2 protein chains.
Amino acid sequence: MNKLIVFMIFSTSSIAFSQNLQSPDKQLKMNFIISENGTPQYELLLGSEAVIKKSNLGLELKNEQGLTSGFSVRNTTQTTFNENWNPVLGEYKTIENHYNGLMIELIQNATNRKVHMHFKLYNEGLAFRYEIPTQSNLNYFVVSDEVTQFNLVGNHNAFWIPGDYDSQEYAYNETKLSDIDILKLDMNNGIGMKGPMTKTRIQSPVMMKTNSGLYINIFEAAVVNFPIMHLDVNTDTFAMQSHLVPNAIGDKAYLQAPAKTPWRTVMVSNDARKILSSQMILNLNEPNVIEDTSWIKPMKYVGIWWEMHVGKATWDYAGSQNAQNTTDGSLKPTGKHGATTENTKRYIDFAAKHGFDGVLVEGWNVGWEDWFGNWKEEVFDFVTPYPDFDVEEVKRYAQSKGVQMIMHHETSGSVSNYERRLDRAFDFMKKNAYNAVKTGYVGKIIPRGEWHDGQSMVNHFNYVVQRAADYKILVNSHESSRPTGLHRTYPNYIASEAARGNEFNAWSNGNPPAHETILPFTRFLGGPMDYTPGIFEIKMSHYDPTKKEQVHTTLAKQLALYVTIYSPLQMAADLPENYEKYPDAFQFIKDVEVDWDDTKIVEAEPGDYITIARKAKGKETWFLGAISDENARKTEITLDFLSPGKKYKATIYEDAKDAHWEKNPKAYAIRTVEVTSKSKLKLNLAAGGGAAISFVPLN
Amino acid sequence: MNKLIVFMIFSTSSIAFSQNLQSPDKQLKMNFIISENGTPQYELLLGSEAVIKKSNLGLELKNEQGLTSGFSVRNTTQTTFNENWNPVLGEYKTIENHYNGLMIELIQNATNRKVHMHFKLYNEGLAFRYEIPTQSNLNYFVVSDEVTQFNLVGNHNAFWIPGDYDSQEYAYNETKLSDIDILKLDMNNGIGMKGPMTKTRIQSPVMMKTNSGLYINIFEAAVVNFPIMHLDVNTDTFAMQSHLVPNAIGDKAYLQAPAKTPWRTVMVSNDARKILSSQMILNLNEPNVIEDTSWIKPMKYVGIWWEMHVGKATWDYAGSQNAQNTTDGSLKPTGKHGATTENTKRYIDFAAKHGFDGVLVEGWNVGWEDWFGNWKEEVFDFVTPYPDFDVEEVKRYAQSKGVQMIMHHETSGSVSNYERRLDRAFDFMKKNAYNAVKTGYVGKIIPRGEWHDGQSMVNHFNYVVQRAADYKILVNSHESSRPTGLHRTYPNYIASEAARGNEFNAWSNGNPPAHETILPFTRFLGGPMDYTPGIFEIKMSHYDPTKKEQVHTTLAKQLALYVTIYSPLQMAADLPENYEKYPDAFQFIKDVEVDWDDTKIVEAEPGDYITIARKAKGKETWFLGAISDENARKTEITLDFLSPGKKYKATIYEDAKDAHWEKNPKAYAIRTVEVTSKSKLKLNLAAGGGAAISFVPLN
């Protein structure tokens, strides 16, 4: 036992044991407690302000006594850790991993079973996990429930989405904790694939703000061989409790000692920007395990995709959801198929002309004529193109133009089919020079009874990334469980969707203007998102006068998203012909980088606005994105992130004076100014607007 | 509508429609009926004797009206079919497929949904299936129950095993139908992996005998994309009803029109031999789909296997069920590991010396130290040998001796793991010159909640066979669902276990002497079994004086099993050193063939005795096997199956006069006589005994 320091400063009720831990900057304090009946508990304070009041820790097990009470402390170990590391791709060249750690070795006296509680206290928050070490009385076990509590101290304002087992593609709700009620939500929201939900269960990460101005975020990191954690909210007491997504027969997790749960995290700060700049989630994941990372490159891409969303083309060659179309072996073309060789060449030409790295083609393979909604196991084989898509010719043409092709693997949720075909699918990709795959899981999961967020599916998503690494393939997963920092360990996990992306604006009530100001505080904490920004033709009436749908931003805000959204994989999602109409605005998308040496969170308020500046990897160039919610916003930013003494040409892409996300979304203006690190810039963001700036050094 | 012939000869209650069908020999009559409420029904008679009285047909569907009543007949079609075909491997060179067919097109008036009932009446029995044709009102659907009835007319004697979802490895019970009661069975029977059962649910095939001497067998054929059918028995009325094995969430089958269920079969004869000679089940399967079958060869083999069952060696290198043995990366050898390079070479030498085609090695790969009983997903990777098994050296040595190696893939029931690794496993096999695999599924199935006999698992077992065909690999599946004739379609499906094999005699209450006289009337109807006969050291006290277990036959009966059990894959299961002690008896195993031009069922009575003669493929040589149950038996057989005019040297391996399965099992005698097709031979079978004869032409 080393450095055992016992404090008893937090709790006044009867306790059996208590030990304190402080963050490196001494602002955060965590107290670990064993209650009188042997229940492990913790509390968290920022300065003198309680963040989490006394909350239980524990795991319930199937067919045996729970690991919830009757514990005593055998040993404790305190550590300080401080290390810098360099991500392969990222927001920063170097990331600091600095925390004070506490490991509590618990023993359940009646059963002689051991649990180790691991705590890490960073300046920006607390992380803890359960470890079941190797021991004679506990080898294989089934977690039937995790009973981790996060007992909040007040009726905070919260940004939340419902605890759906199958989808995170919801717009965020901003309510008091007491007003969380999933049953009152309008579910006519364009989500085709919803799973079970209950009244007051929400997903993590949940972002909160207290009346006193504290920002609190509850999330998890390093979800490996474990289900996703949702949160059951007590709307009277403001207590939250972990809810693990079950499997087909109601079990949560099958484990064998030694085993560790994911990290549970509570980030807290009185400065919202610290939530965004925190690298806690990444730090809590294991280091990179891929030895040769030379093939892992950032990527800007275009693709045959948005034209299907706006109704110009179809994924299917032969008539959606009409299986009979294929029963006689003859596919009857719709005439609108997007993924033709000819159209692909058009995108390759466009990518080559404008300097994009890759071209995605969706709908290239047989299966789309009857792919969705019927829990069908064998939908796609991932190797058979439609008759009008010539894989060999596309390969030849793309290589001649120096453009990489991105493969699309929609699974329709049939994971059993995908896993049994995965090696063949990856072989096919490599033979045809595809080095990146976009996966899709739109549908009820097969094996039937499993959910997108269960342990089996978490393992599947991670397995695909691991197996892809064996083939040197980058993975961009859509409809997967939301990421929790695994891209540190597998940097080929270049991006994922796992939230409500830009596509919803094309055919549903869409994403409200505040949406992109909330995502960085929630979904993005876990990893890069393939949000697919860059829509210039904002209103769908452009394609069909009867359509009311639109993107809920200005055009300038679409540009700003390339900076406010961190992702080493970014799509220029609109159609080539739309970009060619606005070459001056398009220039920003051509110029913007997607991999960075540094990031500065200039301004941030969840649900209201975000301004971020980023320095291009290995260059002196900076980019800045500023976005607003449904309100117009004036701000003045200091450019002190720029290198002192250097002069920069700043090209500012901003909302025109009369711009408005709904009334006049395409009105933008471009101006250039010369600036230094001492300059200030005034920005006027329209309602639902934004500004994007490139800073190119002049000396 | 062609050849519509309506009879109304069977039923006197009010019916809406009736149509008759006769077998080619006119002995069997089937009547199809639509009852007053539109329920499809059928009856079956042999001559004037009722076999199945009026029984309902129908499917219940999930979330929609069932396909059970409200039907009328739109059209009927009668056909006569007669075709000969040649199996790649088999009991006969040529198989006749001769039946009268009836197709009834039904329409459910209220829903406008169509069902086609297909009937085939062979001389030896009835087969029928449901077809859901392509139609606008029924595309995707979920079968929640099949309500096919088999209403028997009396309290027949039955041979049955309990309707376990996970195992068929039971000894047969012989009772009246009224006495079926699973709850009364002694379940201390050595079966490690049992699934759900209920009181009066039994498995098909069930073999019955009526008081009047009729033999009736209820089974199914061509189970593809459908669960296995068990039977719920009404012990008062002697009605049986189909029970389909469910999936994890209680559904039975996910189908899309056009879809066909497996065939339901009722075989009936007043001669038990006709049940055994029937090729109905094979005929009901689709023809061979493998174009090049040159690589599909019969196989006699030895292997490192029985020595583990008798306790001489271990599968695992490092201590069974002790995962901790591997957590530090260092395996600590048990010292008893069977699958060493050295021991494998000993078996290769033995195989080469005695003319065996192959050598099986179990326990060659990492995972066995912690493989069973914990629903563990990642147990084996199928490509990593133990340190003492040199794959390269074994390959070299086997090739130098002209012996084929048989790979072993135990999955522990973790099908998800096996499917995702299958291509790698088969690649590894081919690289190392393995052209046959023995698969194993000892364990609760993963995906968790699935059962061995559910639709998903049926699909898995069939998928492995199909994928193996792509690699030109023969499959011998153990712990799979029992076969239903798919080896016609995929002749590389060379054998399976799916019943209580010889191994149970080594470490459990074993297989009673009657066991092998029942299997041909039940399990073998679906396909070849890898029963692993040929045990010479009958009593386990040979290995350990404290052991009471023994094989429940004489040594001579072990020889006879090579003929009474049809399988193109046969093991000589005992240890080389045991065979070398009895070289004269071993000669029969060396001589006996495993692929045949002709088969004669000489005598047969389920549960009592069986005598079968078979003519070797492409040769004039015949082999005969005769076995008895627990009773001694004298019989005289006429050799009229031999070619007229030819002289043969018959070598007769028989029980010695004082032989007895329990008291004196190893007492055998060998004699030779010259015989012709006019000769008769007297055989004296001991209690639990048998006789094996080879007939070699002398001219």
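Small disclaimer: the values here were computed from a predicted structure and weren't measured. The numbering scheme is per chain: residues are counted from 1 as the chain's sequence reads. Here the convention is simple: chains get letters from A, ligands get numbers from 1, in the order in which they are written. Local features in this predicted model are restricted to residues of pLDDT 70 or higher, and side-chain atom pairs are both shown and tallied only at a pLDDT of 80 or more, whereas totals for entire chains, interfaces and linings draw on every residue. Based on all heavy atoms of the structure, the side-chain values leave hydrogens and waters out of the count.

K.L.:
Help me out: how do you make sense of the overall build of chain A in this one?
P.N.:
Note on conventions: DSSP H or I runs of at least 4 residues are helices, E runs of at least 2 residues are strands, and numbering of each starts at the N terminus. A tally of regular secondary structure across chain A gives 13 helices and 36 strands. We take the radius of gyration over the C-alpha atoms and set the globule estimate at 2.2 Å times the residue count to the 0.38 power. A compact globule built from 699 residues would reach a C-alpha radius of gyration of about 27 Å, and chain A, at 25 Å, matches this within 12%. Taken along the three principal axes of its C-alpha coordinates, chain A extends 75 × 65 × 50 Å. Looking at the 699 residues of chain A, the share that counts as buried comes to 66%. Surface summary for chain A: the accessible area is close to 23300 Å², and the carbon and sulfur share equals 47%. Neither His nor the chain ends is counted toward charge; the positive residues are Lys and Arg and the negative residues Asp and Glu. All charge positions are set by atom: Lys at NZ, Arg at CZ, Asp at CG, Glu at CD. Between the averaged position of the 72 positive side-chain charges in chain A and that of its 82 negative side-chain charges there is a distance of 4 Å. Categorising residues by exposure relies on relative accessible area from a 1.4 Å probe, with only protein chains included: less than 20% of the type maximum marks a residue as buried, more than 50% marks it as exposed, and the intermediate range marks it as partly exposed. Each accessible area value is a Shrake-Rupley result obtained with a 1.4 Å probe; residue values ignore everything except the protein chains displayed when judging cover.

K.L.:
What's the story with empty space enclosed by the protein in this structure? I'm lost.
P.N.:
Picture a little ball the size of a water molecule; that probe, rolled over the atoms, points out where space is still empty. Site definitions follow a grid-based scheme: protein atoms alone, a 1 Å grid, a 1.4 Å probe that fits but cannot get out for cavities, and for pockets an open set with protein on both sides within 12 Å along at least five of seven lines, plus lining residues having an atom within 4 Å of a point. Grid points are joined across faces, edges and corners, and a volume is the space filled by probe spheres set on the points. Tallied over the entire structure, the rule returns 14 cavities of 30 Å³ or more. Put simply, the largest cavity is a space of about 450 Å³. In terms of lining residues, the largest cavity is bounded by 34 residues, among which Ser416(A), Pro447(A), Ser416(B), Ile446(B) and Pro447(B) are the most central. Elements supplying a minimum of two residues to the lining of the largest cavity: helix H7 (415-431) and helix H8 (455-470) of chain A together with strand S19 (253-256), helix H7 (415-431) and helix H8 (455-470) of chain B. Counting residues per element, the lining of the largest cavity draws most heavily on H8(B), which supplies five residues.

K.L.:
I keep staring at unusual backbone geometry and nothing clicks. Help me out?
P.N.:
Trans is the common state for peptide bonds, and a negative phi is the common state for residues other than glycine. Residue and element names in this part refer to chain A. Pro-205 follows Ser-204 through a cis peptide bond whose omega is 0 degrees. Within the fold, Pro-205 resides in the loop between strand S14 (201-203) and strand S15 (206-209). Its identity is not glycine, yet Phe-382 carries a phi of approximately 70 degrees, on the positive side. By the element assignment, Phe-382 lies in the loop between strand S23 (358-361) and helix H6 (391-401).

K.L.:
Help me understand the relation of the copies chain A and chain B in this model?
P.N.:
Both copies of the chain are related through a single rotation about an axis accompanied by a shift along the same axis. Copies are brought into register by a least-squares superposition over C-alpha atoms of residues with pLDDT of at least 70 in both. Superposing chain A onto chain B takes a rotation of 180 degrees plus a shift of 0.0 Å along the axis, which leaves an RMSD of 0.0 Å. Both copies are brought into coincidence by an operation consistent with a two-fold rotation axis. For chain A, the minimum C-alpha distance to the rotation axis belongs to Arg420(A) and amounts to 2.4 Å. It only takes one pair of heavy atoms within 4.5 Å for two residues to be counted as in contact. Of all interface residues in chain A, 100% are interface residues in chain B too; the two copies therefore contact each other through one and the same surface.

K.L.:
Looking at this structure, I do not really get the interface of chain A and chain B. What am I missing?
P.N.:
Interface size, as often reported, equals the accessible area lost upon joining of the parts. Contacts between the two partners involve 29 residues from chain A, matched on the other side by 29 residues from chain B. Buried area: the accessible area, evaluated with a 1.4 Å probe, that two parts lose upon being put together, summed over both parts. When chain A packs against chain B, close to 2600 Å² is buried across both sides, 50% of that on carbon and sulfur atoms. We count a salt bridge whenever a side-chain nitrogen from Lys or Arg sits within 4 Å of a carboxyl oxygen from Asp or Glu. Applying the counting rule to chain A against chain B returns four salt bridges. Side-chain atoms alone can form a polar contact between residues adjacent in sequence; in general such a contact is a pair of N or O atoms within 3.5 Å, and within protein one must be able to donate a hydrogen while the other accepts it. Where chain A touches chain B, the interface holds 14 residue pairs in polar contact (both at pLDDT 80 or more). Looking at the side of chain A that touches chain B, the elements with two or more residues in it are strand S19 (253-256), helix H4 (324-327), H7 and H8 of chain A. A total of five residues in the side of chain A that touches chain B trace back to one element, the largest contributor, which is H7(A). Classification used: nonpolar for Ala, Val, Leu, Ile, Met, Phe, Trp, Tyr, Cys and Pro, charged for Asp, Glu, Lys and Arg, polar for all others including Gly. Its residues assigned to classes, the side of chain A that touches chain B shows ten nonpolar, nine polar and ten charged.

K.L.:
Would you take a moment to explain the pairing of strand S31 (residues 622-628) of chain B for this structure?
P.N.:
Put simply, side chains in a regular strand alternate between the two faces of the sheet. All names here are of chain B. The buried fraction of S31 is high, at seven of seven residues. Going residue by residue along S31, you find Trp-622, Leu-624, Ala-626 and Ser-628 tucked away on one face and Phe-623, Gly-625 and Ile-627 tucked away on the opposite face as well. We call two strands paired when DSSP finds no fewer than two bridges between them. Pairing between strand S30 (residues 609-616) and S31: seven bridges, direction antiparallel. Bridge pairing in S31 places Thr-611 opposite Ala-626. Connecting S30 to the antiparallel partner S31 that follows it, the hairpin turn spans five residues, and Gly-618 within it adopts a positive phi of roughly 70 degrees. Pairing of S31 with strand S36 (residues 690-697) involves six bridges; the strand directions are antiparallel. Along S36, the bridge assignment pairs Leu-624 with Ile-693.

K.L.:
Explain the nonpolar core here, please?
P.N.:
In summary, soluble globular proteins display a tendency toward joint burial of nonpolar side chains. Nonpolar core, defined: a set of buried Ala, Val, Leu, Ile, Met, Phe, Trp, Tyr and Cys residues in which side-chain atoms within 4.5 Å join the residues together. Within the largest apolar cluster, 136 residues are counted, with the highest numbers of intra-cluster contacts made by Val359(B), Phe426(B), Phe536(B), Leu559(B), Phe588(B) and Ile589(B). The residues touching Ile589(B), leaving out its near neighbours within four places in the chain, are Lys300(B), Phe356(B), Gly534(B), Phe536(B), Leu559(B), Tyr562(B), Ala572(B) and Tyr579(B). Judged by nonpolar contacts, the second largest core, of 135 residues, contains Ile290(A), Val415(A), Phe623(A) and Ile627(A).

K.L.:
Help me out: how do you make sense of the domain arrangement of chain A in this one?
P.N.:
Residue and element names in this part refer to chain A. When its domains are assigned, chain A resolves into domain 1 (3-283), domain 2 (296-440) and domain 3 (533-699). Contacts between domain 1 and domain 3 engage 14 residues on the former and 17 residues on the latter. Here domain 1 packs against domain 3, burying approximately 1300 Å² in sum over the two surfaces, 58% of which is carbon and sulfur. When the area that domain 1 buries against domain 3 is broken down by residue, the three leading residues are Glu-91, Arg-273 and Leu-276, summing to 39%. Across the contact surface, domain 1 and domain 3 share two salt bridges. Domain ranges listed in this record stem from an automatic or a database domain assignment.

K.L.:
I would appreciate a short explanation of the sheet that holds strand S26 (residues 474-477) of chain A in the present structure.
P.N.:
Where strands meet in a sheet, backbone hydrogen bonds hold them as pairs that are either parallel or antiparallel. Residues and elements named next belong to chain A. Spatial strand order, S27-S26-S25-S24-S23-S22-S28: seven strands in an open sheet with parallel pairing. Bordering the open sheet on either side are strand S27 (495-496) and strand S28 (569-571), each of which pairs with just one other strand. Where strand S24 (residues 404-410) meets strand S25 (residues 434-440), six bridges bridge the pair, whose relative direction is parallel. Paired with Met-405 across the bridge in S25 is Tyr-434. This element, H7, spans S24 and S25 of the sheet and lies at about 150 degrees to S25. A fitted line through C-alpha atoms represents every axis, and for helices the fit uses only the stretch in contact; the resulting angles, taken between N-to-C directions, go from 0 to 180 degrees.

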